[in-house]
Structure formats: structure tokens, C-alpha cells
Amino acid sequence: MASQADVLLRCLQEAAKAARPALERSIDHAVAALQLAETQSLKITERDDLALACRELLRHRDGWCAQYPGALLAAFNQPAKPAAQPVTARTPVPALAGADMFSLVDDTEVEEGIESSRLLQQVAPMVEQVLAELDGLMSSAQGLVNVRAEANPVRPEVYAQTLRTLLLAAPVAPTISALWIKHLGEPLGRELKRIYERLINELELAKVRAASYRVLQTPASAGKKPGSAAAGAPAGENPGTGPGAQGGPVGIGYASDEPFTRVPSQYADLSNHDVKDALFQDFLFRGGSNADHGLAPAYYATIEEELIALKGTPDSAQAALQAGPATPDTGHAGDDDRSYHGTRSDPHRPALPAQDADEGPDSPSRIVDVLSQLSSQVWGVYGRARERALVRTQLRKDATRVGQVLGMEVVKKLVNQVAQDPRLLVPVREAIVALEPSLLRLAMVDSRFFSEENHPARRLMERVAQRSFKYNDERSPAFDVFFHSLTEAFNGLNALEIEDARPFGAALAELQALWDEQDQHERDLRGNMRQTMQFAEERQAQADQIALDMSLRADLDHVPGVVLDFLFGPWALVMAHARLTDTARQIDPQGYGSLVTDLLWSVKREATLKRPGKLIAMIPGLLGKLQAGLASLGLDPGETEAFFDAMERLHRPVLKLRRVRSRRDAVDSDHAPLEVGMGETDLSDLSDLLPATPEQRKAKAAGQPWLAPQELDRAGFEDTLPSGPAALSATPEDDTTASEAPDSGADDAPADAAGDGEGDGGRQPEDILMGLREGSWVDLYSKRSWLRAQLIWASNRGTLFMFVSHGGQPHSMTKRSCVRLIKDHLLRPVETHGVVEHALDNLVREATPVDPQGSAA
């Protein structure tokens, strides 16, 4: 058998040899992380630094990977520092030391030491557990009776310092090397853990027996009798952990000559079924001062008993899975027979929005929680509550720290809260329940992930919930497509061994890419519709300004009111439309502005009577340009019929004169009075063509944008007929049909749509409407069915609103129409505030102690 010295030398050579591929993989991972950070950064200088760090890292990669093994081997063979006074535990590597320690040290050495500490701080937690075992084996291979962690030649400090020396030699700015350190730490820690596991296997195959730790008295072991599990456990066993538990010794301290924390020095009693209230509150509110403590032997004994009982429990016995009442049967015909589309419906009610139940708005929603039996056809083995409970209990048995147990307890309660959120469709709530095994595994390695709003797992749950607000009917084909992708993603996560948060980030990225692809067509439609409405609003704003400018003209005297109505209304829109669509940026596109002067002159009776020849010559061109301008706007000819009729009556005397005189006579009489040779003229039909009143001469801004018939169709005003420049103002028809409101009266409204003058929660309908923002979801009753629609645009004055339902179907209506629909409960805002945040708030509320008077302590 090889001597221990030979075994040690072989291990050192193996550790150095394995360092090259480990560094290659670490650098590749860091390069990918730097590239990703570069694409996500919004700052130019930051992007430049990230790009430079990536290029320089690739440039030095091969050289560093070639040098690293030799440099490590040389560092391994350096003699260990002499042992100092023993301490009970090694404290974490300090980020900064006292100022007096640096009085005789060069600044470069200080910076190098700090960078090495930063790298070590990233690596150390990832190898902590496996390093405790390796320290014992390496100490024994070196001939030491007790463990001396600082004598381990392959300790993480050596890897970190050697790599830092290579990085420091590169001629780059400190900011670049800092980026290298930041992105190399995590992959290096994973690679180092693999190397240590291989070394442990090598030493165990060589029959090396681990050196023992010196037992020092700690608060956890004080008072224990000799021979107890915590104080007298053999070297290969984890004291205080019970069957199947993993991790280092609990309830003892390590004697070591170099500060570095290995395992907690205390353990907590969590032997009861439910986590102690005080511990849970401390963990939830403050991060858990006891989170790093170990677990008492009684805890593992209790969990083992629970696990044995669970394995002997049939699937149908839900009550035995957890303390508390069993979930009542909610109509499941059987685990494998349940269909998401088998819910009953009332033929006298429309399909219902998400916050309503399957049978009606007043019916209770199905109960879903962590005890619910789900469909095994959809969720596989984790559709059974017993299987999820087995995963939960087995992980609690595998836990080595209080924080892991508390983290899993939070996950269970969090899942329960989300599963009972009535805003979510039942299949979505069941999906969150089905995801619990993956979330529990994540809590074992990241016990407080729920507290980070941007954590991939939390973002996945929230994004799925927010996406589900797009649907209000679980029986719709569109929801089927969404739910199919969701089950694939969640089942994929449940099949993985979760070591970090990356699988959740990858699942969210895949789902988001799929949703983006599905939404592309609808996004294009929404963009076009929004552009139509924004153009109409801008056109109206310019038309209002043009009308105001025209109202200040000095030549408006004796102009009939009907003409000013035309100029301030349709013709101002024509001029605004021409300016917005003119790519040449002319001052007066198409000459529509200069036409106003001729039009005003042509309707002044006294002026035209004096120069009838001028009017006769002007009329053809004037009428032609008016018709062309109105056609460019898309205005229905019927909407200006009254104006042209008035024009014909105003011009009739001159036209009649032309019919009774020859062309020569008309030219000769250019300056002659019109009555000459005409005889009597009947002016009784000119009574409505009197000069405009002072009030008529004031231009007034339109209440909402004017839209052409084709624009009305595109915007979803299917039941709103244009009626002149004020086509979208409130009309009697708006009160009953609105835009997409039922067109056959109250008989077509759902049974719960009884108008009481108030909206949801006693708020006034107008307040509810004004509380909507772009992106808000609503349930809209349209054409005898409920639709889930999203507000995508509202006019600046809040008088016009556009909603879009599934497939890009627009629904636009005036403010008055919206208020009426809200009042009649035919338009209902959907609460979409953060689902996970809401669940956490409920957890906090439940965990907050209440004083005898009933207020939170």
C-alpha cells in the first residue's frame, strides 16, 4: 500500500492538473456573463468597461490556463504557517482591516489583498461543506492528529491568491480586474467543489482516515453528558443530525489556527411539526438571526417519523399529510379524470371574468391549496398531494441549518397564499401548487430567495400570474395555448436537481420568448390602432388651434354663422390633416389656407352684388378645392350637405343673373348693381344665412378627436355612427349602445349587471374610469359575452378610451359611454397588482403578533 506521503503528493498533482480545465470553464462562464451584462447595461461607460473586460479575458485565457497548474503546484509545496493560538471557529475573511495594520504595507499589496479577499468570499460558501471533510483527510495525510485547516495545501485561499497573482500581472485598469473577480468567483467555486470531491474520493480509496476535530465547549454542547450524540459522535458521523442528514458536526466548535467559519456552533429545537412562531417571525422580518444554526437531534427524529408515516399513507388520505382540516371535495371526479374544461356553466349567464366563479359572479371559486389533488395527466407524479408532501418532508430531513427549514416553510405558505388568490384562474393557481417541489429545492440552496423582487424564481411566478390576467376563461382556446406552455415549463423544472436559480431564469426566458412571438401580430395591430388614435388627437389639436387663429381674422364681418361653423370645424380639420401628412413641410399645403379668404368674400352679399363676375369666375375652382380637401379627410359628403346647400343659396342671385344675361352683359355689368334687369328677388329662404352672432364667431375646442368613418371602424366604434365634426360626443345613442355595449337593451345584460349608480367598492364610476392607466385590464361585456380587454390608449383630455381584447379586437368609446358601462357593471377593472407581493404581505400580516386589544404589536 502506498505511503501517506505518496498519496499526498499524488493528490497535489491531481489538484494542480485539474485546475487547468477548471479555469478554462470558469473563464468561459465569466465571458458569457460579461457579454450578457453588456447587453443589459444602459450606461455607455459601463458597457465599454464590460466589453473591454470580456476582450482582455479572452486574450489572456490560454496563457493563464497554461500557467495556473504550475503556479498552484508551487504554492501547494510552500510550507504551512506555524500554528497560532487555537480558536473555536474561523471568522470570515475581513473585507477591510484596521488602518494601523497597513501603516508599513505598500498600497499595491493592500489592493491585492482586498481583491483576493473578494474572490475568496465568493468561493468559500460554495465549498464550505465539502472542505470540512477534505480538511480532516488532508491533515491525516500530512501526519497530523487533529485537523489544521490552515495546513491544507489545497485550501481555497491558495487557489484564490494564485489566480489573483495571474490577474494582477495583466496591464489593465483596476476596474477591469474587479470585473474579472466579480464574474470568476461563482464558476471557480463550483469547479473547486468538484476538485475537492475528487480529492476526497482519492484519499478515501487510499484508506486515509480523517483526523479528528478538537471538541470545545459551546452554548449548544454545554451541559451535555459524556457520550451524548452531540459531544461523542464518531468522526465519520454528523452529530445531531439523525438518519440521512447531511452536513458538518452540529453543536460543536472547530479548533483551528486560522479564522474561517465552517458550521454553526448552536442548534435550534424545531422538533414540533410547525415551525416555532418566534423563529419564523425573526426569519421573515429580519432574515433570521438563527438561520445558520444547526438542527437538534429531536428534529430529525420527528421528521423521520413523519416520513415513515407519509410513505405508508395512501394518496386519498389527504388529512394525514398535514395538520389541519382536509381540503373539501370540490367536484373532482378523480385525480386522473379531472378536466380543466369540465366545469359547469349557467346558460342564462355569459362567460365570466377571472374574478368570477365558474357558474356566476356570485358563486364561490374552487378552493386550491397545497393539499389539493391535481391532475396527474397534467402534472405527473406531482399532481398527487402525497408526492409533494414526500418531497417537502424529505428535504426537511436533508436540511442541516435552521434557515433551510424556515425557507421551505415560507415557500409552502407562499404557494398556499398564491393558490388562494381569487384573481387567478383555477388552473393557474393549481400550476403554482404543482411548482412547489422545485421551489422547495431552491429554498435548500437559497433560503431567502422570496425576499428578492428580481430573483428569477419570484419573477417567474409573478410573470406567469401577470400573463394569466390576459385571459378570463379557462375554457378558451387561447388559454389552452398559454397553459400548455406553462405545464411544459413547470414540469421541466420539477424534473431538475435545483442547485441555483438559473433553471428558473432559463424557464422564464423561454416562456417570455414564446409569448413575445405569439403577441407579435397583436402588437402590430395595437401599434397601428394606437397610431390612428394619436394621429386623430394631434390632428384635432392642430385643428382647434387653426380654428382659433381663424376666429381672430378681421374679415369675418357679415359672414353667416353656417359658414363659420364649417371653417372652424371640417375645414380646420382639412388644413390640419394636410399639414400632418405633408412631407415637404410647406406653409400652406394644397393651398387650403389661402382658400379661406376667397370663401369668406364669396359669402358676403354686398361684396358679391358689386362684382358678380368675379364670383362667377371663382365658384368652380372654389367648389373643386373644397370637395378635394374634404375628400382627403375622408369626410362623408352627407356631413357637409347643409354647408353646401347654404353656399348654393348664397350664390343663387349671381347664378340666376348669369342665366338671364349673356356673357358679355355679365362682364359689362361687373360694377353694376345686381338688381339691374333682375326684377324682384325672393329673399325669404335666406333667413338662416344671417351674419354670425358674437358667440358664433368664437372658436371652441372639440370635446374629443374627430375620426373619419374608416378610422372609426379601425378604432372599434362599431355602433357609433359619425354625425359631423362632433361625431364622438355623447349622444342619446351612446347612453344605450356605447361602443360595444349590448345593442338590445337591458334584457341582454348579465344577471348581475344591475345599475345602482356606483361602481365596484362604492366608488363613483367616473373615479374608477380615471383610475385606469394604459395597460390596465378590464372585463367588458360585449355582444352578449364577457371579454378581457386592456386599455392601450386614452386621449390627453380623458374623453376617449381605446381597449383591445384577445386577437387585437379594438373597443373604443367616449368617457360618457365608459361611465355608463361601469355604472351598469358592464365594464369592470381587474385588480392586477403584484401577486407574489400580495401573498408575502398576507404572510407578514399573519405572522405579525397581535396584542390583546387586537392591534399589531
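Residues numbered from 1 in each chain as written. Predicted model: local features only at pLDDT ≥ 70, side-chain atom pairs only at ≥ 80, totals over all residues. Heavy atoms only, no water.

Caption draft 1: Structural detail: the overall build of the protein chain. Looking only at helices and strands, the protein chain features 27 helices and seven strands. Residues counted as buried form 49% of the 857 residues belonging to the protein chain. In the protein chain, 75% of the contacts between residues at least 6 apart in sequence involve partners at least 24 apart. Carbon and sulfur atoms provide 52% of the accessible area of the protein chain, an area that totals close to 40700 Å². (Helix = DSSP H or I, 4+ residues; strand = E, 2+ residues; numbered from the N terminus. Buried < 20%, exposed > 50% of the residue type's maximum accessible area, 1.4 Å probe, protein only. Contact = heavy atoms within 4.5 Å. Areas by Shrake-Rupley, 256 points an atom, 1.4 Å probe, with all protein chains shown as cover.)

Caption draft 2: Broad picture of the packing of helix H11 (residues 402-419) against helix H13 (residues 436-445). Packing of H11 against H13 leaves a shortest axis separation of 8 Å and a crossing angle of 155°. The orientation of H11 with respect to H13, classified from their angle, is roughly antiparallel. Crossing of H11 against H13: the hand is right-handed. Taking contact as the criterion, the partners of Gln404, Gly407, Met408, Val411, Lys412 and Val415 in H11 are, on H13, Glu436, Leu439, Leu440, Ala443 and Met444. Of the residues in the contact of H11 with H13, the class split is seven nonpolar, two polar and two charged. (Axes fitted to C-alpha atoms, helices over the stretch in contact; angles between N-to-C directions. Parallel < 35°, antiparallel > 145°, perpendicular 65-115°, else oblique. Left-handed = near helix turned anticlockwise from the far one by under 90°. Nonpolar A, V, L, I, M, F, W, Y, C, P; charged D, E, K, R; others polar.)

Caption draft 3: Layout of the confidence of the model for the protein chain. Scored by pLDDT, the protein chain has a mean of 76; 70% of the residues are at 70 or more. Between the elements of the protein chain, mean pLDDT differs from a low of 34, seen in helix H6 (residues 229-232), to a high of 96, seen in helix H12 (residues 426-434). In the predicted structure, residues 215-269 sits below a pLDDT of 50 and forms 131 contacts with residues beyond four places in sequence or in another chain. (pLDDT = per-residue confidence, 0-100.)

Caption draft 4: Broad picture of the pairing of strand E6 (residues 809-814). Here E6 lies mainly inside the structure; five of its six residues are buried. Pairing geometry for strand E5 (residues 800-805) and E6, over six bridges, is antiparallel. Residue pairing across strands places Phe801 opposite Met813, the latter belonging to E6. (Pairing = 2+ DSSP bridges.)

Caption draft 5: Main features of the pairing of E5. A large share of E5 lies buried, amounting to six of its six residues. Here five bridges tie strand E4 (residues 785-794) to E5, and the two strands are oriented antiparallel to one another. Residue pairing for E5: Ala789 is matched across the bridge by Ser805. In this structure, the hairpin formed by E4 and E5 is closed by a connection of five residues, where Gly798 is found at a positive phi of approximately 65°.

Caption draft 6: Looking closely at the packing of helix H4 (residues 156-168) against helix H5 (residues 174-205). Contact geometry for H4 and H5: axes closest at 11 Å, N-to-C directions at 145°. Note on packing geometry: the crossing formed by H4 with H5 is right-handed. Across the interface between the two elements, Pro156, Tyr159, Leu163, Arg164 and Leu167 of H4 pack against Ser177, Trp180, Ile181, Leu184, Leu188, Leu192, Ile195 and Tyr196 of H5. When its residues are assigned to classes, the contact of H4 with H5 shows 11 nonpolar, one polar and one charged.

Caption draft 7: Representation of H12 in the model. Buried residues dominate H12, accounting for nine of its nine residues. If you check which residues of H12 are buried, you get Val426, Pro427, Val428, Arg429, Glu430, Ala431, Ile432, Val433 and Ala434. Contacts made by the buried residues of H12 are with helix H9 (376-379), helix H10 (385-398), H11, H13, helix H14 (456-468) and helix H15 (477-494).

Caption draft 8: A look at the sheet that holds E5. A sheet is described by the order of its strands in space; here five strands give the open sequence E6-E5-E4-E3-E7, paired in antiparallel fashion. This sheet does not close on itself; its edge strands, each paired only once, are E6 and strand E7 (827-829). This sheet shows a mean twist of 35° between the axes of neighbouring strands, independent of strand direction. Contacts from helix H16 (residues 502-551) reach strand E3 (777-782), E4, E5 and E6 within the one sheet, and its direction differs from that of E4 by about 55°. Packing against the sheet, helix H26 (residues 815-823) makes contact with E3, E5, E6 and E7, and its axis sits at approximately 100° to E6.

Caption draft 9: Broad picture of the environment of His521. Of note, His521 is situated in helix H16. When the C-alpha atoms of His521 and Gly808 are compared, they prove to be 8.2 Å apart, with 287 residues separating the residues in sequence.

Caption draft 10: Local environment of the nonpolar core. Within the largest apolar cluster, 69 residues are counted, with the highest numbers of intra-cluster contacts made by Leu439, Val464 and Phe490. Residues contacting Leu439, with those up to four places away along its chain left out, are Val411, Val415, Phe449, Ala457, Met461 and Phe504. Ranked by size, the runner-up nonpolar core spans 55 residues in total, among them Leu12, Leu57, Leu163 and Leu199. (Core = buried A, V, L, I, M, F, W, Y, C linked by side-chain atoms within 4.5 Å.)

Caption draft 11: Structural detail: the packing of aromatic side chains. Scanning all chains against the criterion turns up 17 aromatic pairs. An aromatic cluster is built from Trp379, Tyr471, Phe479, Phe482, Phe483, Phe490 and Trp515, whose rings are joined through pairwise contacts. (Phe/Tyr/Trp six-rings, centres within 6.5 Å; stacked < 30°, edge-to-face > 60°.)

Caption draft 12: Representation of the environment of Ala576 within the structure. Within the secondary structure layout, Ala576 lies in helix H17 (residues 561-581). Separated by 57 residues in sequence, Ala576 and Leu633 place their C-alpha atoms 9.6 Å apart.

Caption draft 13: Representation of the pattern of salt bridges. Per the counting criterion, the structure on display carries 33 salt bridges. We note a salt bridge from Asp292 to Arg401, for which the minimum N-O separation is 3.9 Å. Note that Asp292 is positioned in the loop between helix H7 (277-286) and strand E2 (294-295) and Arg401 in the loop between H10 and H11, a separation of 109 residues in sequence. A residue is classified by how much of its surface remains accessible, and Asp292, at 53% relative accessible area, is exposed. With a relative accessible area of 30%, Arg401 lands in the partly exposed category. (Salt bridge = Lys/Arg side-chain N within 4 Å of Asp/Glu carboxyl O.)

Caption draft 14: Quick look at unusual backbone geometry. For Lys207, which is not glycine, the phi torsion reads 65° and is therefore positive. The phi dihedral of Arg784 falls on the positive side, at around 65°, and the residue is not glycine. By secondary structure assignment, the location of Arg784 is in the loop between E3 and E4. According to the relative accessible area criterion, Arg784 is exposed, its value standing at 54%.

Caption draft 15: Representation of the side chain of Ser817. Counting through the fold element by element, Ser817 comes out in helix H26. Given a relative accessible area of 1%, Ser817 falls into the buried group. At 3.0 Å, the side chain of Ser817 and the side chain of Thr814 are in polar contact. (Polar contact = N/O pair within 3.5 Å; in protein donor to acceptor, adjacent residues only side chain to side chain.)

Caption draft 16: Seen up close, helix H20 (residues 612-633). With 22 residues, H20 should reach 32 Å at 1.5 Å per residue; the first-to-last C-alpha distance of 31 Å fits that figure. Maximum bend of H20: about 40°, positioned at Met618, with proline Pro620 one to four residues after it. Listing the buried residues of H20 in full gives Pro612, Leu615, Ile616, Met618, Ile619, Leu622, Leu626, Gly629, Leu630 and Leu633. (Expected span 1.5 Å × (residues − 1). Bend = angle between axes of the 7 residues up to and from the residue.)

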